[in-house]
Amino acid sequence: MEPTGLTPMHSRGPETLELRERVLDYARYRMDLNPAPLDLASTPEQLLEAAGQTITEHGLGGLKALETFTEILAPACLSVDHPGYLSFIPCAPTEASSLFDLVVSASSIYGGSWLEGSGAVFAENQVLAWLAAEVGLPETAGGVFVQGGTLGNLSALVAARYRAQELLRESGQNQPARWRLICSAEAHSSLKAAARVMDIELVPVPVDSEGRMRGNATREILDQVEENSVFAIVATAGTTNFGTVDRLDEVGQVAQQRGIWFHIDGAYGLAGILSESARHLFAGAELADSFIVDPHKWLYAPFDACALVYREPSWGKAAHTQHGEYLDPLTDADDWNPSDYAMNLTRRPRGLPLWFSLASHGVAAYRAAVEQNIAVAKAIAEEIQSRPNFELMRNPDLSIVAFRRLGWGPNDYQDWSDRMLLTGTAFAVPSSHGGETMMRFAIINPLTTIAELTNLLDEMEA
Ligand SMILES: *Cc1c(COP(=O)(O)O)cnc(C)c1O
């Protein structure tokens, strides 16, 4: 049979146009909620009973499917932008960045190559260049926005190992029996995941009394392992549990002295470099061979995006470029293709929501927002210290505050946390350190107030 015309899915008939209005109305409605309800997870059984089987041979119709989402599915998803969302690392997108995410979705841009997405890639690259300049890398630095910090760390480490392999090969030396990566004992779980995927050994460095990875401890570990087997040293600029910034200057210098790739995992905390008051903690960041920072964490962009930047992008490119006959038109050209710089090929230009918001508001607005989050964190840390029922675990470097409620065991923390979520007050789940349960407020939402956090402390004392 001769294929004829458009299927109803691609036509722009009255039904699709109405659906378009309804979808945009919903987006408008959701953005007007201030704040959106925190909401709650449902069980699969509850959701099946409410939503039924949504995938059918002939479809529910757009309006019915939309209603299923707005009435049943959306309320079963926590609102990560709620000011009481304090767990893990929240996400508090600016109005401009959320709006522009809609535009990116409506624009069908392929962000993997210059040929196909030059305008978008140009804008993303300006953002990456700005980040590189804040960190202190040379103008020749560059990279790509990948899905998240996990993929960013993995991609940087793959490039680091590639360089180590190449340098040994060029100088006629043997490859080590097993490659190693050195990072802090408090580094993020994604580094362990990367080590498993890469089939390498992760060697943890003990931290000092403030929880920081230091130069001497790093040197000691280096001296204990086979020479030339360490291809990267990773420092964390803002740990996930405490927001602690490792001594980037010391660790970076050790890496430099030994000729080892220095990677900074700043998925959450590197954005703190924008603040005048915290900037000194990041001294030494300029020594990085690569770094990551997640716009979906403390740069107020929607899920999901990680900025991955290399000092010498050519290593990223050599390690990651995919080759195939169908790709020759791209790989044979001399263009900057974002796909070449990470473990990815097809990609959405996910740096654009941040670009639009930054271009709209300017960098100063970001500095002020980060500074405000830090000020709230410091204020609530002081409040915790002033109350006899509480104990601060560490003085916060950035905007994560970890503390004990004296006299509480794991169940007390969990019961309290469940109650706060059930009442729609806050989403603050317990964490732990060294086997001890603790509470942790991760503050990256400028709408999170000191009064609200103080109220949570009151609730923990009630
Ligand atoms: C969140 C985080 C990661 C992982 O980032 P994802 O975007 O969740 O994949 C890595 N390192 C640190 C320090 C983090 O806080």
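Described below are features of the structure shown in this document. For clarity, every value in this text was computed on a predicted model and none was experimentally measured.

## Quick notes on the layout of surface pockets
Line of reasoning, step 1. Each pocket or cavity is described by its volume, and for the largest pocket that value is around 1300 Å³.
Line of reasoning, step 2. For the largest pocket, the lining is made up of 40 residues, of which Arg30, Met31, Asp81, Pro93 and Ser98 are closest to its centre.
Line of reasoning, step 3. Listed by contribution, the elements that provide at least two residues to the lining of the largest pocket are α1 (14-32), α3 (62-73) and α4 (95-107).
Line of reasoning, step 4. Residue contributions to the lining of the largest pocket peak at six residues, all from α1.
Line of reasoning, step 5. For the lining of the largest pocket, the residue count by class is 25 nonpolar, eight polar and seven charged.

## What about helix α2 (residues 44-51)?
Count 3.6 residues to each turn of an α-helix, and residues three or four apart come out pointing the same way.
Line of reasoning, step 1. Across the eight residues that make up α2, only a small minority, zero, are buried.
Line of reasoning, step 2. Remark: Gly52 follows α2 within two positions and exhibits a positive phi of approximately 70°.

## A word on the sheet that holds strand β5 (residues 261-265)
Through backbone hydrogen bonds, the strands of a sheet pair up, either in parallel or in antiparallel fashion.
Line of reasoning, step 1. With mixed pairing, the seven strands of this open sheet are ordered in space as β1-β7-β6-β5-β4-β2-β3. The sheet terminates laterally at β1 (142-146) and β3 (201-205), the two strands that pair on one side only. Strand-to-strand twist of the sheet, defined as the mean angle between neighbouring strand axes without regard to direction, takes the value 20°.
Line of reasoning, step 2. When strand β6 (residues 290-293) meets strand β7 (residues 306-310), the two strands line up antiparallel, connected through four bridges. Residue Val293 lies in a different strand from β7, and its bridge partner there is Ala307.
Line of reasoning, step 3. Each of β2 (180-184), β3 and β4 (230-236) is contacted by helix α8 (residues 215-224), which is oriented at about 140° to β3, the strand it contacts most.

## Topic: the site of the ligand
Line of reasoning, step 1. Not every one of the 14 residues close to the ligand is listed here, only the nearest: Gly149, Thr150, Asp265, Asp294 and Lys297.
Line of reasoning, step 2. Gly149 is positioned such that a nitrogen or oxygen atom in its backbone is 2.7 Å from an oxygen atom of the ligand.
Line of reasoning, step 3. Note that an oxygen atom of the ligand is positioned 3.1 Å from one of the side-chain N or O atoms of His296.
Line of reasoning, step 4. Summarising the interface, the protein chains cover 87% of the accessible area of the ligand, which totals 380 Å² for the free molecule.
Line of reasoning, step 5. Secondary-structure elements contributing two or more residues to the shell around the ligand are α6 (149-170) and α10 (295-298).
Line of reasoning, step 6. Of the residues forming the shell around the ligand, the biggest block, three residues, is contributed by α6.
Line of reasoning, step 7. Taken together, the residues of the shell around the ligand sort by class into two nonpolar, nine polar and three charged.

Reading the values: the criteria
- Counting starts from 1 at the beginning of each chain's written sequence and moves along it residue by residue.
- Thresholds applied to this predicted model are a pLDDT of at least 70 for local features of residues and 80 or more for the giving and counting of side-chain atom pairs; totals over whole chains, interfaces and linings are not thresholded and use all residues.
- Here the side-chain values reflect all heavy atoms present in the structure, with hydrogen atoms and water set aside.
- Within this scheme a cavity is a closed region of a 1 Å grid, computed over the protein atoms alone, that accommodates a 1.4 Å probe without allowing it to escape, whereas a pocket is open but has protein on both sides within 12 Å along at least five of seven lines; lining residues each have an atom within 4 Å of a point.
- Grid points are joined across faces, edges and corners, and a volume is the space filled by probe spheres set on the points.
- The helix count covers DSSP runs of H or I at least four residues long, the strand count covers runs of E at least two residues long, and both are numbered beginning at the N terminus.
- Amino acids outside the nonpolar list (Ala, Val, Leu, Ile, Met, Phe, Trp, Tyr, Cys, Pro) and the charged list (Asp, Glu, Lys, Arg) are all regarded as polar, and Gly is one of them.
- Buried means the residue's accessible area, taken with a 1.4 Å probe over protein chains only, is under 20% of the maximum for its type, while exposed means over 50%, and partly exposed covers the values in between.
- At least two DSSP bridges between two strands are needed for those strands to be called paired.
- Lines are fitted to the C-alpha atoms to define the axes, a helix being fitted only along its stretch in contact, and any angle between axes, read from their N-to-C directions, falls within 0 to 180 degrees.
- Pairs of residues are marked as contacts when any of their non-hydrogen atoms sit within 4.5 Å.
- Residue proximity to a molecule or strand is established when one non-hydrogen atom of the residue lies within 4 Å of it.
- Side-chain atoms alone can form a polar contact between residues adjacent in sequence; in general such a contact is a pair of N or O atoms within 3.5 Å, and within protein one must be able to donate a hydrogen while the other accepts it.
- Under the convention used here, a 1.4 Å probe and the Shrake-Rupley method define accessible areas, while residue burial counts only the protein chains that appear.

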